[in-house]
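So the chains spell out like this:
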Amino acid sequence: MKERTLGFFEIVVVKDGEAQRIPEPMDWDGALADLARAPVGARTHEGEHRIVGTAFPHNMEDHLLLHRVKDAGEWLSVINFDTGDLRELEQSAHEGYLDTSVVCFLPFGNVVGIMQGGVSAPSHKSLETWINGIEMFPGSRLQLRPVVAHSEIEKLKSAVGASRVEVKVMGNKMGALRERQGGLARLLRVAGDAYGEISVTMVISVPRGKELKEHREHLLADLDEISDVVTGAERARARLVYSDPGGPEQTRLVELVELVEPSITAKKRVPATDAEGNSIRIVSAVDAILVAAAEHEDALRLAVDAGDS
């Protein structure tokens, strides 16, 4: 039985280049009900990949299947394991083969649980692109960010410095740096002013040594000032420094963008077939996400400030 990892993400709104938490749950039930009635063209976004959304009812609730349509140029084949025979899969103009992810919208905090059906299935960034692309909520630009456990946030806050910072900021985020006064913001701003609508990747490293302790503290403060700007699609990682009174400084590599280490994830076994051999992989994925959400509900609510269950 296959074990898969699922992740939880908070949907926030972007205003004036700033990601802001949405105080009340959005009407995801209504949006999915509208999606169920929409023709396939209205629920398709054409970008780097063609992404299609499908409402999936299960136990009186609608969930979302998000599909990446495989490119017509991809070579797809089927093998018969009894005979070894190969058969090429031809994709006609009105059909498409799909990589599918299962998405469940939780009833609090605008949190979603996502399980990818495979490595090339849509990610949370694909979901973000698709929601905005089909204008599920007209007039709003939404963003998905990993839900971070409160205990991990506290660990991040306990760092006393940063010995290395690597950030990448796209041109459309430069405006959000205008009011920031720290060194990182200032350097990125200068590059944007000099070269226009560009992406900037910057690496700053502070060597070990007590005499440079103040520099590491300053670098962490500057990173913290722009963390809300760089968290998202761009790269942002740092090696944080922790003070140990009884020994040498300790460091820890933290991915500030994807928040790989501290994000709330879960591993669940997902049956592909039932006892009669019928496919139940989608139902299994929905059930796995909802079970994991129930198991982590207290931590999820605390992380997104959604109150008690």
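Residues numbered from 1 in each chain as written. Predicted model: local features only at pLDDT ≥ 70, side-chain atom pairs only at ≥ 80, totals over all residues. Heavy atoms only, no water.

A. Representation of the pairing of strand 9 (residues 111–116) in the model. Among the six residues in strand 9, five count as buried, and that is most of the element. Hairpin connection, strand 8 (residues 98–105) to strand 9: the antiparallel pair is bridged by five residues, and glycine 109 has positive phi, about 65 degrees. (Buried < 20%, exposed > 50% of the residue type's maximum accessible area, 1.4 Å probe, protein only. Helix = DSSP H or I, 4+ residues; strand = E, 2+ residues; numbered from the N terminus. Pairing = 2+ DSSP bridges.)

B. Up close: helix 7 (residues 297–304). Among all positions of helix 7, only Leu300, Arg301, Ala303 and Val304 are buried. The buried residues of helix 7 occupy an angular sector of 165 degrees when the element is viewed end-on, so they sit on one face. Residues of helix 7 that are exposed and angled more than 90 degrees away from the buried face: Asp298 and Leu302. Directly after helix 7, the chain includes aspartate 305, whose backbone phi takes a positive value near 60 degrees. (Arc of directions from axis to C-beta.)

C. How the structure looks around a nonpolar patch on the surface. A cluster of nonpolar side chains, namely Ile79, Phe81 and Leu86, defines an oily patch on the protein surface of about 380 Å² accessible area. Tracing the backbone shows isoleucine 79 in strand 6 (residues 76–79). The partly exposed category is assigned to isoleucine 79, whose relative accessible area is 39%. (Patch = residues over 30% accessible without salt bridge, like charges linked within 9 Å, V, L, I, M, F, W, Y side chains within 5 Å. Areas by Shrake-Rupley, 256 points an atom, 1.4 Å probe, with all protein chains shown as cover. Salt bridge = Lys/Arg side-chain N within 4 Å of Asp/Glu carboxyl O.)

D. Region of interest: the nonpolar core. Core analysis: the biggest nonpolar cluster contains 25 residues, and Trp28, Val112, Leu127, Trp130 and Leu142 have the highest contact counts within it. Contributions of two or more residues to this core are made by strand 1 (2–15), helix 1 (28–37), strand 4 (50–58), strand 5 (61–69), strand 8, strand 9, helix 2 (124–133) and strand 10 (142–146). For this core, the leading source of residues is helix 1, giving four residues. Ignoring anything within four residues of it in the chain, the contact list for leucine 142 reads Ile11, Val12, Val13, Ile22, Met26, Trp28, Glu128, Ile131, Asn132 and Phe137. (Core = buried A, V, L, I, M, F, W, Y, C linked by side-chain atoms within 4.5 Å. Contact = heavy atoms within 4.5 Å.)

E. Expanded view of the confidence of the model for the chain. With 84% of its residues at a pLDDT of 70 or more, the chain shows a mean pLDDT of 81. When the elements of the chain are averaged for pLDDT, helix 3 (residues 150–157) gives the smallest value, 58, and helix 1 the largest, 96. In the predicted structure, residues 257–262 sits below a pLDDT of 50 and forms 21 contacts with residues beyond four places in sequence or in another chain. (pLDDT = per-residue confidence, 0-100.)

F. The arrangement of the pattern of salt bridges in detail. With the rule as written, the count across this model stands at nine salt bridges. Here arginine 37 ties to aspartate 34 by a salt bridge, and the two come within 2.6 Å at their closest N and O atoms. Pair noted here: arginine 37 and aspartate 34 are both in helix 1, with a separation of three residues, about one helical turn. Look at arginine 37 and you get exposed, because its relative accessible area is 62%. Between glutamate 46 and arginine 50 there is a salt bridge, with its nearest N and O atoms 2.8 Å apart.

G. Focus on the packing of aromatic side chains. Within the structure shown, the criterion is met by two aromatic pairs. A centroid spacing of 4.6 Å and a plane angle of 20 degrees characterise the contact between tryptophan 28 and phenylalanine 105, whose relative ring orientation is stacked. Of the two residues, tryptophan 28 sits in helix 1 while phenylalanine 105 sits in strand 8, which places them 77 residues apart along the sequence. Just as tryptophan 28 is buried, phenylalanine 105 falls in that class too. Each ring, one from tryptophan 28 and one from phenylalanine 137, has its centre 5.0 Å from the other, and the planes form 80 degrees; the classification is edge-to-face. Here the residue tryptophan 28 occupies a position in helix 1, and phenylalanine 137 occupies one in the loop between helix 2 and strand 10, the gap between them amounting to 109 residues. The pair formed by tryptophan 28 and phenylalanine 137 is uniform in burial state, with each residue classed as buried. Grouped by ring-pair contacts, the aromatic residues Trp28, Phe105 and Phe137 constitute a single cluster. (Phe/Tyr/Trp six-rings, centres within 6.5 Å; stacked < 30°, edge-to-face > 60°.)

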